[in-house]
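# Architecture at a glance
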Amino acid sequence: MKKILVTGGAGYIGSHTVVELIEADYTPIIVDNLCNTSIQNIQGIEKIIDKKIKWHNTDCTDKSAMDKVFAEEGRMEGAIHFAAYKAVEESVQNPQKYYDNNMGSLKVLLQCMQENNVKNIIFSSSCTVYGMPDVLPVDENAPFKKAESPYGETKQLCEKMLKEDSCNSVALRYFNPVGSHSTALIGDCSADRPSNLVPIITEVAIGKREKITIFGNDYKTPDGTCIRDYIHVVDLAKSHVKAMEFLINNTGKHAFNVGTGIGVSVLDAIKAFEQTNKLSINYSIGPRRDGDIEQIYANSNLVKEKLGWEAKETLEKAMISAWEWEKLKE
Ligand SMILES: NC(=O)c1ccc[n+]([C@@H]2O[C@H](COP(=O)([O-])OP(=O)(O)OC[C@H]3O[C@@H](n4cnc5c(N)ncnc54)[C@H](O)[C@@H]3O)[C@@H](O)[C@H]2O)c1
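Residues numbered from 1 in each chain as written. Predicted model: local features only at pLDDT ≥ 70, side-chain atom pairs only at ≥ 80, totals over all residues.

### Quick look at the overall build of the chain
Going by this rule: Each helix is a run of H or I in the DSSP string that is no shorter than four residues. Each strand is a run of E no shorter than two, and both are numbered from the N terminus. Just to be clear, the radius of gyration here is over C-alpha atoms, and the globule rule we use is 2.2 Å times residues to the power 0.38. Any residue whose C-beta has 12 or fewer other C-beta atoms within 10 Å is treated as exposed, any with 20 or more as buried, and any in between as partly exposed, C-beta atoms being built from the backbone. Residue pairs are scored as contacts if the distance between their C-beta atoms, which are placed from the backbone, is within 7 Å.
Per the secondary structure count, the chain includes 11 helices and 13 strands. Taking 20 Å as the expected radius of gyration for a compact globule of 330 residues, we find that the chain reaches 19 Å, a close match to that expectation. The buried share of the chain, reckoned over its 330 residues, is 49%. Taking the intrachain contacts of the chain between residues at least 6 apart in sequence as the baseline, contacts between residues at least 24 apart amount to 82%.

The structure is reproduced here in structure tokens:
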């Protein structure tokens with residue numbers, strides 16, 4: 001069984017990936033200090049796989065603590081690095097927190113990997129590296145524009161760090177992950193109030209918020225609202241398994257978009273939630289929000305060609321599972 005270190009494996013995307021790794025016969029080892037998630041996800045993973053999961057309550061920026069993890073775990077096939085802060089608005093208010101954690105954790109991980117002869121790393125990047133692309137759907141050759149936030153900047157800088165390191169790497173540039181595992185036992189446990197569309201929709205649906213404000217309906221899109229590419233988190237999780245298989249058999253530096261290729265407007269996403277869950281969502285139109293780009297969706301041809309991965313789940317299924325998670329989470 002191939003051991004894979006999964007930093008941030010108790011988080012939203014990490015926990016779903018851990019489940020998929022186990023289903024593909026890997027042995028994931030989680031490193032997470034629970035700074036932005038809950039033990040509920042570890043318990044949820046264990047219920048889904050029906051056994052205990054190995055995890056270290058460790059801060060990835062702490063080199064001596066990470067040395068201990070590597071010493072204890074011995075030979076590992078590779079690492080998947082999810083551990084980072086992800087709240088775009090907070091990164092604008094407190095950039096240093098984001099540089100320290102997001103780049104600091106990658107720096108320590110790369111050092112430990114080098115010292116322990118672990119060669120393969122998958123990095124959680126983001127479509128934010130492109131800013132507002134000139135051509136849609138955006139492909140991997142699009143230039144990195146000036147980052148819209150310190151968070152986006154950390155993703156650009158981390159990709160640069162990977163290129164300069166001796167490791168074999170895959171940067172997966174996620175579009176907008178949504179939904180939850182079909183069991184609703186794992187999901188997004190972020191401590192901060194969500195700023196992503198779907199968690200806000202589910203909070204309105206359950207009554208935690210009165211309404212959702214749509215930031216602008218005067219964009220140059222068919223209904224005037226922003227367009228994004230919503231990717232089911234289980235599909236996204238599976239792309240990591242494919243990327244690990246690829247890295248075990250290939251060397252070098254790689255970057256792949258992970259999206260559906262379908263652009264969905266904010267209004268269409270709300271409608272999809274309302275129709276699939278037979279609920280009505282209270283919303284109003286507000287002014288545009290600083291830093292929001294008009295539209296982005298993926299050209300995912302490369303990931304299909306090189307990894308044999310493509311999105312299979314529908315937005316409707318994602319909306320149903322997002323609602324189930326909202327109802328069941330603690
Ligand atoms: N969710 C999104 O919309 C999205 C989009 C693009 C990229 N990403 C990236 O994907 C990755 C995972 O995102 P997510 O949505 O699962 O976020 P998340 O906050 O749910 O997961 C991140 C996990 O990392 C842990 N963590 C953070 N810093 C740590 C540290 N120093 N040491 C140990 N553990 C630490 C947190 O406790 C959390 O469990 C992040 O790198 C994020 O930037 C997320």
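### Section: the packing of helix H1 (residues 12-23) against helix H8 (residues 233-249)
Under the convention used in this document: Angles shown run from 0 to 180 degrees and are taken between the N-to-C directions of axes, each axis being a line fitted to C-alpha atoms and, for helices, limited to the stretch in contact. Geometric relationships in this document are graded by angle, where less than 35 degrees denotes roughly parallel, more than 145 denotes roughly antiparallel, 65 to 115 denotes roughly perpendicular, and other angles denote oblique. When the near helix sits turned anticlockwise from the far one by under a right angle, the crossing is termed left-handed; a clockwise turn instead gives a right-handed crossing. In this classification, Asp, Glu, Lys and Arg are treated as charged, Ala, Val, Leu, Ile, Met, Phe, Trp, Tyr, Cys and Pro as nonpolar, and every other residue, Gly included, as polar.
The geometry of H1 relative to H8 is characterised by a closest axis approach of 8 Å and an angle of 60° between their N-to-C directions. Between H1 and H8, the angle is such that the two are oblique. Our pair here, H1 against H8, has a crossing hand that is right-handed. The residues of H8 that touch H1, namely those facing Tyr-12, Ile-13, His-16, Thr-17, Val-19, Glu-20 and Leu-21, are Val-233, Val-234, Leu-236, Ala-237, Lys-238, His-240 and Val-241. Counted by class, the contact of H1 with H8 contains nine nonpolar, three polar and two charged residues.

### Brief notes about the site of the ligand
Note the cut-off: We call a residue near a molecule or strand when the C-beta position, derived from backbone atoms, sits within 6 Å of it.
Looking at the ligand, there are 30 residues lining it, with Gly-8, Gly-11, Thr-37, Ala-84 and Ser-124 nearest. For the shell around the ligand, the secondary structure elements donating two or more residues are H1, helix H5 (95-115), strand E5 (120-126) and strand E7 (176-178). Of the residues in the shell around the ligand, the class split is 12 nonpolar, 14 polar and four charged.

### Some thoughts on the environment of Gly-259
By secondary structure assignment, the location of Gly-259 is in the loop between strand E11 (253-258) and strand E12 (264-265). On a C-alpha basis, the gap between Gly-259 and Lys-47 in space is 28 Å, while along the polypeptide they are 212 residues apart. The contacts of Gly-259, once residues within four sequence positions are left out, are Phe-175, Asp-229, Ile-231, Tyr-297, Ala-298 and Ser-300.

### Describing the pairing of E5
Residues in a regular strand project their side chains so that they alternate between the two faces of the sheet. The following threshold applies: By the convention used here, strands pair only if DSSP detects at least 2 bridges between them.
Most of E5 is tucked away: seven of the seven residues are buried. Direction of pairing for strand E4 (residues 78-81) relative to E5: parallel, over a ladder of four bridges. Each residue of the ladder has a partner; that of Ala-79, found in E5, is Ile-121. In this structure, E5 lies alongside strand E6 (residues 168-174), joined through seven bridges in parallel fashion. Paired with Phe-123 across the strands is Ala-171, a residue of E6.

### Digging into the nonpolar core
Nonpolar side chains tend toward joint burial in soluble globular proteins. The following threshold applies: We call a set of buried Ala, Val, Leu, Ile, Met, Phe, Trp, Tyr and Cys residues a nonpolar core when their C-beta atoms link them within 7 Å.
Within the largest apolar cluster, 95 residues are counted, with the highest numbers of intra-cluster contacts made by Ile-4 and Ile-122. Looking at which element gives the most residues to this core, the answer is H8, with nine residues. Among all residues touching Ile-4, those that are not within four sequence positions of it are Leu-21, Tyr-26, Thr-27, Pro-28, Met-76, Glu-77, Gly-78, Ala-79, Ile-80 and Met-244.

### Some details on unusual backbone geometry
Cis geometry marks the peptide bond from Leu-136 to Pro-137, where omega comes out at -10°. Looking at the secondary structure, you find Pro-137 in the loop between E5 and helix H6 (150-164). You will see that Asn-117, though not glycine, has its phi angle at about 55°, which is positive. A positive phi is found at Lys-278, a non-glycine position, where the angle reads about 55°. Considering the arrangement of structural elements, one finds Lys-278 in the loop between helix H9 (266-277) and strand E13 (283-286).

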